[in-house]
Amino acid sequence: METLLLNNTDGDIARAGDILRNGGLVAIPTETVYGLAANALDGAAVAGIFRAKGRPQDNPLIVHISHIDQWAGLVREIPEAAMALALAFWPGPLTIILPKGDIIPDEVSAGLDTVAVRFPSMRTTRRIIDAAGVPLAAPSANLSGSPSPTCARHTMDDMRGRIDAVLDGGECNFGVESTVVTLATPVPRLLRPGAVTPEELRDVLGSLEIDEAVMGQLREGVQAASPGMKYKHYSPKAEITIIKGTLDEFVSYAESAVVNGGEMFALCFDGEEGNIPLKCVTYGREDDPLTQSHRLFTALRELDENGAARVLARCPSTEGVGMAVYNRLLRAAGFSVIDVGKKCK
Ligand code: AMP
Ligand code: MG
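Thresholds applied
- Residues numbered from 1 in each chain as written.
- Chains lettered and ligands numbered in written order.
- Predicted model: local features only at pLDDT ≥ 70, side-chain atom pairs only at ≥ 80, totals over all residues.
- Heavy atoms only, no water.
- Helix = DSSP H or I, 4+ residues; strand = E, 2+ residues; numbered from the N terminus.
- Rg over C-alpha atoms; globule rule 2.2 N^0.38 Å.
- Buried < 20%, exposed > 50% of the residue type's maximum accessible area, 1.4 Å probe, protein only.
- Contact = heavy atoms within 4.5 Å.
- Pairing = 2+ DSSP bridges.
- Axes fitted to C-alpha atoms, helices over the stretch in contact; angles between N-to-C directions.
- Near = heavy atom within 4 Å.
- Polar contact = N/O pair within 3.5 Å; in protein donor to acceptor, adjacent residues only side chain to side chain.
- Nonpolar A, V, L, I, M, F, W, Y, C, P; charged D, E, K, R; others polar.
- Phe/Tyr/Trp six-rings, centres within 6.5 Å; stacked < 30°, edge-to-face > 60°.
- Core = buried A, V, L, I, M, F, W, Y, C linked by side-chain atoms within 4.5 Å.
- Parallel < 35°, antiparallel > 145°, perpendicular 65-115°, else oblique.
- Left-handed = near helix turned anticlockwise from the far one by under 90°.

**Quick word on the overall build of the protein**
Phase 1: Of regular secondary structure, the protein possesses 10 helices and 16 strands.
Phase 2: On C-alpha atoms alone, the protein measures out to a radius of gyration of 20 Å, which is about the 20 Å that the 2.2 N^0.38 rule sets for 345 residues.
Phase 3: Seen through its principal axes, the protein has C-alpha atoms that stretch 60 × 50 × 35 Å.
Phase 4: Taken over 345 residues, the protein has a buried fraction of 57%.
Phase 5: For the protein, the proportion of contacts with a sequence separation of at least 24, taken over those separated by at least 6, is 68%.

Structure representation (C-alpha cells):
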C-alpha cells in the first residue's frame, strides 16, 4: 500500500475525511502526539489500527471528538464530575474514561465495559474529525513499543506502507500523550500522567487516586487498570538505564560504566554536555518539564539514529508535568533504574 503524505490544506483535510469515512486509516496530528485514526464506530476499520501498529488486542483506544455534544452518544451517562473536568480542561490533553454506550464497538474498548474519550485542542485535529463526520479512534501512530511520533517524519518512518495517509500538521505542542483519568472507579483515578497534572485534577475533583502503574511496574498478578501501562513501551533499540542522583554522581557512574559492544550515550539535560564523558543527546533543561515532554520522544529516536547501544539517562523531576516525563522514560527503560545515591537497583 502506498501511504499518501497529505498537507494541512482544506483540500487535503477533506481528503483525509473521505478516507476515514470510508473505513481507511489516516495518521493525524494532535497537540499531544500523532494519532493513528479510524472511524470509531466501525469495528472493522478499528481492527486495522491494531494490525498496522502491531498493537496487543487487549489495549483499548481513545475516541476523539470535535464537539462536546458528541460525547453523550458514546457513554452511558455523563456524571457531574466528568462535566466539571470537561469544562476545566477540554478542549485539551485530558482523556476521560466512563462506562461505554452500546454504539462503541468491542474493538475500541478491547472488551472492557468502559470507553476513553478526548476532545483535542489542536484546530487541525478537530477539522479532520469534522471532515470525517464521525468520532475517531486514535492511539499514538507509532509501531507498538516504539516511541510515539511527534512529527510527520517520525510517523512516516513507522507507518509507511501500512496505512492510507499521514497528514502533516507540524510538530506536536506537548509531545507526550494525554493525561488519562477514569471516573468508572469509586474514587477518580489517574491511569496515565500527561500535561494536565494530578494537582490540577484534584483542584476540580477534590479526590484523586494515582494508579500504582503510574510511577512503577505492576506487581505480578495485579491486573492493569490501563492495559497500555503494563508494557515496556516508548522504547528505542538502545538499552536505557535511568540514573537517579546528582549530576556529579551521574558523571562518576558514567566514568565507571562499561558497554559490551556498540557505543554508550548519555540522555541528559541542556547545558550538561561539557561535564559528561559520553556522547550526549539532550531533552530540555533540568527545571523545564514542559520542554522535556516536548523533546523526549524525539531524543529517544535520535539515540537510535546515532546507533546508541546503551544509554544512561538523567532522571527528571517527578513534580507536575515531570510525572508524565518520568512515566514515559521509565517505560522506555523497561523499568531499569539505578539510584546512585543509594547504590541499589
Ligand atoms: P494510546 O492511544 O497509544 O495513547 O493509548 C491509550 C491509553 O489509554 C492506553 O494506555 C490504554 O490502555 C488507555 N485506555 C484507553 N481506553 C481505556 C479504558 N477504557 N480503560 C482503561 N484504559 C484505557
Ligand atoms: Mg501509544
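**Overview of the sheet that holds strand β11 (residues 209-210)**
Phase 1: Read across the open sheet, the 11 strands follow the order β1-β8-β2-β3-β7-β4-β6-β5-β9-β10-β11; overall the sheet is mixed. Of all the strands in the sheet, the pair left with one neighbour each is β1 (4-6) and β11.
Phase 2: Pairing analysis gives three bridges linking β1 to strand β8 (residues 165-167), with the strands arranged parallel. Residue pairing across strands places L4 opposite A165, the latter belonging to β8.
Phase 3: Across the face of the sheet, helix α6 (residues 152-159) comes into contact with β1, β2 (26-28), β3 (35-39) and β8 while running at roughly 170° to β8.

**Some details on the site of ligand 1**
Phase 1: Around ligand 1 lies a shell of 19 residues, among which N59, T114, P139, R192 and G228 are the nearest.
Phase 2: Between N59 and ligand 1, the recorded distance is 2.7 Å, taken from a side-chain N or O atom to an oxygen atom.
Phase 3: Here an oxygen atom of ligand 1 sits 3.1 Å away from a polar atom, N or O, in the side chain of S140.
Phase 4: Of all the secondary-structure elements, those providing two or more residues to the shell around ligand 1 are β6 (114-118) and β10 (189-192).
Phase 5: Split into classes, the residues belonging to the shell around ligand 1 amount to 11 nonpolar, five polar and three charged.

**Remarks on the packing of aromatic side chains**
Phase 1: Enumeration according to the criterion identifies three aromatic pairs in this entry.
Phase 2: Between W71 and W90 the ring centres are 4.5 Å apart and the planes differ by 55°, which places this aromatic pair in the tilted class. One end of the pair, W71, is in the loop between β4 (62-64) and α3 (80-89); the other, W90, is in the loop between α3 and β5 (94-99), with 19 residues separating them in the sequence. Residues W71 and W90 agree in their burial class; the two are buried.
Phase 3: Measuring from centroid to centroid gives 6.3 Å for W90 and F119, while their planes differ by 80°, and the two rings are edge-to-face. With W90 in the loop between α3 and β5 and F119 in the loop between β6 and α5 (123-132), this pair connects stretches of sequence that are 29 residues apart.

**Quick look at the nonpolar core**
Phase 1: Residues L36, W71, L85, W90, L94, I96 and L201 are the most contacted members of the largest nonpolar core, which totals 47 residues.
Phase 2: For this core, the secondary-structure elements that each account for two or more residues are β3, α2 (43-53), α3, β5, β6, α6 and α7 (198-205).
Phase 3: With five residues, α2 is the single largest residue contributor to this core.
Phase 4: Not counting residues up to four positions away in its chain, the partners in contact with W90 are I65, I68, W71, L85, I96, V117, R118 and F119.

**Details of the environment of P29**
Phase 1: For P29, the location among the structural elements is in the loop between β2 and β3.
Phase 2: Through-space distance from the C-alpha of P29 to that of T155 is 9.6 Å; in sequence the pair is 126 residues apart.
Phase 3: Once residues within four sequence positions are removed from consideration, P29 is found in contact with Y34, M122, T124, T125, I128, L167 and G169.

**Remarks on the environment of G334**
Phase 1: Within the secondary structure layout, G334 lies in the loop between α10 (322-332) and β16 (337-339).
Phase 2: Taking the relative accessible area as the measure of exposure, G334 reaches 31% and is therefore partly exposed.
Phase 3: Sequence separation between G334 and G228 is 106 residues, and the spatial gap between their C-alpha atoms is 14 Å.

**Concerning the environment of A138**
Phase 1: Mapping A138 onto the fold places it in the loop between β7 (136-137) and α6.
Phase 2: A C-alpha to C-alpha distance of 14 Å links A138 and I96, two positions 42 residues apart in sequence.
Phase 3: Those residues in contact with A138, other than ones at most four positions away along the chain, are G35, L36, A37, I62 and H64.

**Some thoughts on the packing of helix α1 (residues 10-21) against α5**
Phase 1: Where α1 contacts α5, the two axes come as close as 7 Å, and the packing angle between them is 50°. On the basis of the axis angle, α1 is oblique to α5. By crossing handedness, the relation of α1 to α5 is classed as right-handed. Contacts from D10, I13, A14, A16, G17, L20 and R21 in α1 reach T124, R127, I128, A131 and A132 in α5.
Phase 2: Of the residues contributing to the contact of α1 with α5, the split by class is seven nonpolar, two polar and three charged.

**Quick word on the pairing of β5**
Phase 1: Within β5, five of the six residues are buried, which leaves it mostly tucked inside the rest of the structure.
Phase 2: Pairing of β5 with strand β9 (residues 179-182), which is carried by four bridges, proceeds in the parallel orientation. Each bridged residue has a counterpart across the sheet, and for I96 the counterpart in β9 is V181.
Phase 3: Alignment of β5 against β6, held across five bridges, turns out to be antiparallel. If you follow L98 over to β6, its bridge partner there is V115.

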